[in-house]
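Each chain, letter by letter, is given below.
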Amino acid sequence: MPMNSKITTIIFDYGGTLDTNGVHWSEKFWEAYQYFNIPISKEEFKNSYQYSEQNAQMIITPDSSLVETYVSQLYFQIKYLEKKNLLSGAFNSIIDELAEYCHRSVTNNIKKSKIIIEGLLNKYSLLVVSNYYGNLSTVLNEIGLKNYFTSIIDSKVVRIRKPDPKIFSLALNSVNSHPYETIVVGDSYTNDILPSKQIGCKTVWLKNKNWEIPTSTESADAIINSLDEIEETINRISNINRGEKNE
């Protein structure tokens, strides 16, 4: 790595990072289930969430909106719980309400994320790398974030999924940036931090309500609990990268 490298590029994850401020989507959906008093255990729900992640992409199209994305995910969650005789088909009637609950929460978070991103725009090239459903560009446009990013990498579109480090290399190549001048910000230690660190990026782990907690966090150059901390953290890592002392 070149000495005294300047940080020029920031890669953000989208789902679980920019949209929920570090709350994994399993937790966000579970929050909605509790709000609507859906009578299943969290373990049963987690199984339905995994089933949904494997199947929702079959019906989500490149033009699917944010609410339509949530509806597709919830449809397969409820379908799984029905198949396991844990819920009746009657719960299909509240899928739209569940989706709207999630959408309201995300809309509020995006307002804050937008302010944070605007504070970084003039200093860095901003990219998004996300395991998504082929409609990430549509969603980012809908929520007013698309024009902030120089490159948008959707796993379904490029046919590479995190934690394959090639997806981060692909993003960097698209803007002619190098790992040693890049910081990756994400909520998943396994999908965001480990693979990007493997190719030489600096890493910031957004630790909030995560899917899993790693036994070691040595691949994270910084750990934050909210995106509110990101600008200060990026500045600190940038100073260290340039060989400057952090006061």
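First, a word on scope: everything that follows refers to the structure included in this document. (Residues numbered from 1 in each chain as written. Predicted model: local features only at pLDDT ≥ 70, side-chain atom pairs only at ≥ 80, totals over all residues. Heavy atoms only, no water.)

1. A closer look at the nonpolar core
Judged by nonpolar contacts, the single largest core of 58 residues is most densely connected at Ile10, Phe12, Tyr14, Tyr33 and Phe149. Take this core: its biggest share by element is 9 residues, from helix α5 (residues 95-118). With residues up to four places along the chain from it excluded, the contact list for Tyr33 reads Ile38, Ile40, Phe45, Leu74, Gln77, Ile78, Leu81 and Leu98. Counting residues in each nonpolar core, the second largest holds 12 residues, with Ile160, Ile167, Leu172 and Val184 among its members. (Core = buried A, V, L, I, M, F, W, Y, C linked by side-chain atoms within 4.5 Å. Buried < 20%, exposed > 50% of the residue type's maximum accessible area, 1.4 Å probe, protein only. Helix = DSSP H or I, 4+ residues; strand = E, 2+ residues; numbered from the N terminus. Contact = heavy atoms within 4.5 Å.)

2. Observations concerning the sheet that holds strand β3 (residues 151-154)
As summarised here, the arrangement of the 6 strands in space is β3-β2-β1-β4-β5-β6, forming an open sheet in which the pairing is parallel. A single partner strand is all that each edge strand has here, and the edge strands are β3 and β6 (222-224). Taking each pair of neighbouring strands and ignoring which way they run, the sheet shows an average axis angle of 20 degrees. Helix-sheet contacts for helix α10 (residues 230-241) involve β1 (9-12), β4 (182-186), β5 (202-206) and β6, and the interaxial angle to β5 is about 160 degrees. (Pairing = 2+ DSSP bridges. Axes fitted to C-alpha atoms, helices over the stretch in contact; angles between N-to-C directions.)

3. Here's the deal with the side chain of Ser238
In this structure, Ser238 sits in helix α10. Within polar-contact distance, the side chain of Ser238 engages the backbone oxygen of Ile234 at 2.8 Å. Leave out the neighbours within four places in its chain, and Ser238 touches Ile7 and Tyr124. (Polar contact = N/O pair within 3.5 Å; in protein donor to acceptor, adjacent residues only side chain to side chain.)

4. Here's the deal with the side chain of Thr233
Take Thr233: it is sitting in helix α10. Under the relative-accessibility criterion, Thr233 is labelled buried at 5%. Dropping the residues within four chain positions of it, Thr233 is found in contact with Val204, Ala222 and Ile224.

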